[in-house]
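What follows is each chain in one-letter form.
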Amino acid sequence: QVQLVESGGGLVQPGGSLRLSCAAAGFSLRYYAIGWFRQVPGKEREGVSCVAPSDESTTYADSVKGRFTISRDNAKNTVYLQMNSLEPEDTAIYFCGRRSRGKFYGACSGDPLRDDEYDYWGQGTQVTVSS
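Cut-offs and rules
- Residues numbered from 1 in each chain as written.
- Predicted model: local features only at pLDDT ≥ 70, side-chain atom pairs only at ≥ 80, totals over all residues.
- Heavy atoms only, no water.
- Pairing = 2+ DSSP bridges.
- Helix = DSSP H or I, 4+ residues; strand = E, 2+ residues; numbered from the N terminus.
- Axes fitted to C-alpha atoms, helices over the stretch in contact; angles between N-to-C directions.
- Disulfide = S-S within 2.5 Å.
- Buried < 20%, exposed > 50% of the residue type's maximum accessible area, 1.4 Å probe, protein only.
- Lys, Arg positive; Asp, Glu negative; His and termini not counted.
- Salt bridge = Lys/Arg side-chain N within 4 Å of Asp/Glu carboxyl O.
- Polar contact = N/O pair within 3.5 Å; in protein donor to acceptor, adjacent residues only side chain to side chain.
- Core = buried A, V, L, I, M, F, W, Y, C linked by side-chain atoms within 4.5 Å.
- Contact = heavy atoms within 4.5 Å.

Draft legend 1. Broad picture of the sheet that holds strand β1 (residues 3-7). Strand order in this open sheet of four strands is β1-β3-β8-β7, and the pairing throughout is antiparallel. This sheet does not close on itself; its edge strands, each paired only once, are β1 and β7 (68-73). Between one strand axis and the next, the sheet turns by 15° as a mean value, whatever way the strands run. Inspection of the sheet shows strand β3 (residues 18-25) paired to strand β8 (residues 78-83) by six bridges, in the antiparallel sense. Opposite Cys 22, over in β8, you have Val 79 as the bridge partner.

Draft legend 2. Main features of the state of the cysteines. Under the definition given, this model contains two disulfides. Between Cys 50 and Cys 108 runs a disulfide, and the two sulfur atoms are separated by 2.0 Å. Around the S-S axis, the bridge from Cys 50 to Cys 108 shows a dihedral of about -80° and counts as left-handed. On the criterion of sequence distance, the pair formed by Cys 50 in strand β5 (residues 46-51) and Cys 108 in the loop between β9 (92-99) and β10 (118-121) is long-range, its members being 58 residues apart. Pair check on accessibility: Cys 50 and Cys 108 agree, each one buried. In the chain, the bonded cysteines, taken in the order they occur along the sequence, pair up as 1-3, 2-4.

Draft legend 3. How the structure looks around the side chain of Arg 72. Relative to the helices and strands, Arg 72 resides in strand β7. Look at Arg 72: it is buried, it has no salt bridge, and the nearest opposite charge is Glu 56 at 5.0 Å. Here the side chain of Arg 72 touches Ala 52 through a polar contact of 3.1 Å, landing on its backbone oxygen.

Draft legend 4. How the structure looks around the nonpolar core. The biggest cluster of nonpolar side chains holds 27 residues, and the ones touching the most others in it are Trp 36, Phe 68, Val 79, Leu 81, Met 83 and Tyr 94. Secondary-structure elements contributing two or more residues to this core are β3, β4 (33-39), β5, β7, β8, β9 and β11 (125-129). At four residues, the largest contribution of residues to this core is made by β3. Grouped together as the second largest cluster of nonpolar side chains are six residues, Ala 33, Phe 37, Cys 50 and Tyr 118 included.

Draft legend 5. Summary view of the pairing of β11. Side-chain alternation along β11 places Thr 125, Val 127 and Val 129 on a buried face and Gln 126 and Thr 128 on a face that remains uncovered. The pairing of strand β2 (residues 10-12) with β11 spans three bridges and is classified as parallel. Note on β11: the bridge partner recorded for Gly 10 is Val 127. Of the pairings in the sheet, the one linking β9 to β11 comprises three bridges and is antiparallel in character. Across the sheet, the residue bridging to Ala 92 is Val 127, located in β11.

Draft legend 6. Main features of the environment of Arg 38. Take Arg 38: it is sitting in strand β4. Given the relative accessible area of 6%, Arg 38 is considered buried. Each C-alpha atom, one on Arg 38 and one on Ser 49, is 9.9 Å from the other, the two residues being eleven residues apart in sequence. With residues up to four places along the chain from it excluded, the contact list for Arg 38 reads Glu 44, Arg 45, Glu 46, Val 48, Ser 63, Val 64, Phe 68, Glu 89, Asp 90, Ala 92, Ile 93 and Tyr 94. Within the local environment of Arg 38, its side chain forms a polar contact with the side chain of Tyr 94, the two groups lying 2.9 Å apart.

And the structure:
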């Protein structure tokens, strides 16, 4: 059974850092592109980042470039999102997903920040950035 579990969220002050984890079970994460998305109440899910399964190429939303870093540890079957210089606008529930649909599934090619190309999701972890 495919499962994704996010962890690492919490409350931090502006300028602080968090590292989110996306642990996979029931499949080998190394073969799939994994994306991080975030969502706030009343808004659509927003793509944040993607890491490819082979060459580990990465994609970032403009809003997080230079601040967030996505990485994977295939031995641990886990993808991470290191978030630095956090801003109040980063407050959201963060989800990880497995890209298994569309023309470029299995890679971060095309538009990897579209949530409709991901089929499995974790439960989400809350990130709150506030003074």
